[in-house]
Structures are given as C-alpha cells and as structure tokens.
Amino acid sequence: MASNEVMARHFNDTIEHAAPPVGEPPHGFICECAGDDCAARLNITSHAYGAVREHPRRFIVLRGHEEPEIETTVEAYGNYFVVEKRGEAGRIAEART
C-alpha cells in the first residue's frame, strides 16, 4: 500500500513543480491513497500541497480513502484529509522521499 502512495506522491511532485506561484488557483493533484486503481483528483493549491510534503510521512487523500490500520488523520479539509503513515508504512514513505 505504501508503494502505491509513494508513486502517487511522485506524480504530484511533478504537478507541484509545474504550478504557478502562491495565489494560484487550485490544481488537480491526484489522491495519494493506497488504492492502486484510484484516480481521484483533489483541487488544492501547490502551496497547500507543499506544506504536506514538508513531512515525508504525510499524504493527501480523498475523504473516505484513509487507511486507519496504517495511518492517522492529522488534518481535515473540505473533500480531503492529510494523513500520516505509521510503523512500516511510515518508514517506507520516509525512505522513498
């Protein structure tokens, strides 16, 4: 599961780097959940995404896509959560950052 999330994160990093500076409209970042078939889009700013990426164990997921057995919800917004990986999933996420 953590590998799927890390792959989504790398895709989102590409979106973030191509995004306009602060004050820009939201972008269609992809959900970084564990589902290998999830293609949900989250409209958040690159600034908000960058704040999540400052923590290597944190990911953005569509509300309802969180996995309580491997992660803790640390922030909740309109249609998405910021989750933090625990245990082995956290170590994998941190090592692949």
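Our subject in this report is the structure included herewith. Keep in mind that what you see is a predicted model, and the values were worked out from it rather than measured. (Residues numbered from 1 in each chain as written. Predicted model: local features only at pLDDT ≥ 70, side-chain atom pairs only at ≥ 80, totals over all residues. Heavy atoms only, no water.)

### Structural notes on the sheet that holds strand β5 (residues 80-85)
- Pairing is antiparallel across the open sheet formed by 3 strands, whose spatial order is β3-β5-β4. Both outer strands of the open sheet, β3 (58-62) and β4 (71-76), are each paired with one neighbouring strand and no more. The sheet shows a mean angle of 35° between the axes of neighbouring strands, taken without regard to direction.
- Taken together, the 5 bridges between β4 and β5 define a ladder with antiparallel strand orientation. Bridge pairing in β5 links Ala 76 to Phe 81.
- Across the face of the sheet, helix α2 (residues 46-53) comes into contact with β3 and β5 while running at roughly 130° to β3. (Pairing = 2+ DSSP bridges. Helix = DSSP H or I, 4+ residues; strand = E, 2+ residues; numbered from the N terminus. Axes fitted to C-alpha atoms, helices over the stretch in contact; angles between N-to-C directions. Contact = heavy atoms within 4.5 Å.)

### Here's the deal with the pattern of salt bridges
- In the structure shown here, the tally under the stated rule is 5 salt bridges.
- Note that Arg 57 and Glu 94 form a salt bridge whose closest N and O atoms lie 2.6 Å from each other. Here Arg 57, found in the loop between α2 and β3, pairs with Glu 94, found in helix α3 (residues 87-95); they are 37 residues apart in sequence, far enough to count as distant.
- When its relative accessible area of 22% is taken as the criterion, Arg 57 is described as partly exposed.
- Salt bridges here are not isolated pairs; linked through shared partners, they connect Arg 58, Glu 75 and Glu 84. (Salt bridge = Lys/Arg side-chain N within 4 Å of Asp/Glu carboxyl O. Buried < 20%, exposed > 50% of the residue type's maximum accessible area, 1.4 Å probe, protein only.)

Read these as layout, nothing more, since geometry by itself doesn't imply function.
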